[in-house]
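Take a look at the letters that make up each chain.
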Amino acid sequence: MRSRRVVLVVLAVITGGTSASAGIAGTTNLFEQPLESGIASHVYVAHVDQGGLPTGSWDLVVLQKDPFTSTGRLVPTSWNVGAKTGFVPSSPSTAQLGFRNQIGTSTAQMEGDTVGAYLDSKDLPTTLSRQKMMITPQYRFPAGATPVPFAHSTSVLNAEMDLQVPFAVGRDTYVNADLLFVDPNGVRISYNVKLFRNGAHAATLGSSYNEIDNAYMINCPLGTDTHFVTRASTSGSSTGATWVGWRHFQWSIDQAQFVAAINRLAAQYPDKVRITDPTQYVLAGIHLNAEFHYSPDPAELSWSMRGMKLWLSW
């Protein structure tokens, strides 16, 4: 059985001991990527592990079960995955799990404050067109502890991370930071901050519905466009070119931007997205949406990330 260590979540660290409603500037930390000694108890394989997606812990979610094992679970790998991801753990035997214990297999990494993955479509069968492959780091807030980021008009939701994407193949290969919001009716809003799309010269603003995840998506390029998100001055921008070495990404979403995003989705899906009051939305979780669609064309992706953090300011 998987152990689920609770990640530090501070819901009331406020400068000066006051609240946002008092009109005094402050901050509240929501999530900070924890230090992990290894990967073994932090991998969730969809369609294999029971009980639904874990909450209250920092995990790597694998979309497909391992086709090379009878259990569907990943196995320890010792090859130099860091040559692909840019992250070389001090103890590969405890930091890496992959589809097979051989060089070049799809493998996940977790050690210290860093996670990474190498994905190769050759490890999965090709039965349908545009199949998706994904290993994503994720944190979901436990029931009863989901923050309400825009409960106050002055609230600003902030996020940051260091990221590298050394290698990518395929026309539909990308990395987004995804914030999941949920309204009282259970409607899911996927707030995608677009960081990388292979070969794309400019990320585009847009909205859509993801039938597989049952989520209404708002897509926000991280750059000069501030309709739904604002890039920090110290942050990298959305790009279509791979890179090696840590690049810092940081952004913010204020209440007006969140309302603009919800209004856009409500106009596009009036029978589904009906609540436009920002105080009614909770933040269910965050994950790095690092994936590709493949078949008939092959695809590959490598990435590593450290220091993911979420906080409120006002």
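So, here's what we can say about the structure.

Calculation notes
- Residues numbered from 1 in each chain as written.
- Predicted model: local features only at pLDDT ≥ 70, side-chain atom pairs only at ≥ 80, totals over all residues.
- Heavy atoms only, no water.
- Buried < 20%, exposed > 50% of the residue type's maximum accessible area, 1.4 Å probe, protein only.
- Helix = DSSP H or I, 4+ residues; strand = E, 2+ residues; numbered from the N terminus.
- Pairing = 2+ DSSP bridges.
- Polar contact = N/O pair within 3.5 Å; in protein donor to acceptor, adjacent residues only side chain to side chain.
- Contact = heavy atoms within 4.5 Å.
- Salt bridge = Lys/Arg side-chain N within 4 Å of Asp/Glu carboxyl O.
- Phe/Tyr/Trp six-rings, centres within 6.5 Å; stacked < 30°, edge-to-face > 60°.

**What to know about the pairing of strand β8 (residues 131–140)**
Right, so step 1: When you tally the buried positions in β8, you get nine out of 10 residues, the bulk of the element.
Right, so step 2: Inspection of the sheet shows strand β3 (residues 58–62) paired to β8 by five bridges, in the antiparallel sense. Pairing of leucine 60 across the sheet is with proline 137, part of β8.
Right, so step 3: Where β8 lies against strand β16 (residues 282–294), seven bridges are found, and the strand directions are antiparallel. Bridging across to β16, lysine 132 finds its partner in histidine 293.

**What about unusual backbone geometry?**
Right, so step 1: Serine 295 connects to proline 296 through a cis peptide bond whose omega is 10°.
Right, so step 2: Mapped onto the elements of the fold, proline 296 is located in the loop between β16 and β17 (300–313).
Right, so step 3: Even without glycine at this site, histidine 47 takes up a positive phi of about 70°.
Right, so step 4: Along the chain, histidine 47 falls in the loop between β2 (43–45) and β3.
Right, so step 5: A residue is classified by how much of its surface remains accessible, and histidine 47, at 71% relative accessible area, is exposed.
Right, so step 6: Backbone geometry places serine 295, a non-glycine residue, at a positive phi of 75°.
Right, so step 7: Within the secondary structure, serine 295 sits in the loop between β16 and β17.

**Overview of the side chain of serine 235**
Right, so step 1: If you trace the backbone, serine 235 turns up in the loop between β14 (230–231) and β15 (243–254).
Right, so step 2: Using a relative accessible area of 8% as the deciding quantity, one classes serine 235 as buried.
Right, so step 3: Here the side chain of serine 235 touches glutamine 250 through a polar contact of 2.9 Å, landing on its backbone nitrogen.
Right, so step 4: Once you skip the residues sitting within four places of it in the chain, serine 235 turns out to touch Leu222, His248, Phe249 and Gln250.

**Describing the environment of alanine 241**
Right, so step 1: Mapped onto the secondary structure, alanine 241 falls in the loop between β14 and β15.
Right, so step 2: Residues alanine 241 and aspartate 123, 118 residues apart in the sequence, show an inter-C-alpha distance of 25 Å.

**Remarks on the pattern of salt bridges**
Right, so step 1: Enumeration over the complete set of coordinates arrives at eight salt bridges.
Right, so step 2: One salt bridge in this structure joins arginine 100 and aspartate 123, with 3.1 Å as the shortest N-O distance. Note that arginine 100 is positioned in the loop between β5 (96–98) and β6 (107–111) and aspartate 123 in the loop between β7 (114–120) and β8, a separation of 23 residues in sequence.
Right, so step 3: Taking relative accessible area as the criterion, arginine 100 reaches 24% and is therefore assigned partly exposed.
Right, so step 4: Notably, a salt bridge pairs lysine 122 with aspartate 120, separated by 3.9 Å at the nearest N-O pair.
Right, so step 5: Lysine 122 gets classed as partly exposed once you look at its relative accessible area, which sits at 49%.
Right, so step 6: Taken together, the salt bridges that share partners define one network made up of Arg100, Asp120, Lys122 and Asp123.

**What about the packing of aromatic side chains?**
Right, so step 1: By the definition in use, this model includes 15 aromatic pairs.
Right, so step 2: Considering the side-chain rings of phenylalanine 196 and tryptophan 243, the 6.4 Å spacing of their centres and the 70° angle between planes classify their relative orientation as edge-to-face. Remark: tryptophan 243 occurs in strand β15 and phenylalanine 196 occurs in strand β11 (residues 188–197); sequence separation between them is 47 residues.
Right, so step 3: Note on tryptophan 243: relative accessible area 7%, which makes it buried.
Right, so step 4: An angle of 50° between the planes, with centres 5.9 Å apart, marks the rings of tryptophan 243 and phenylalanine 249 as tilted.

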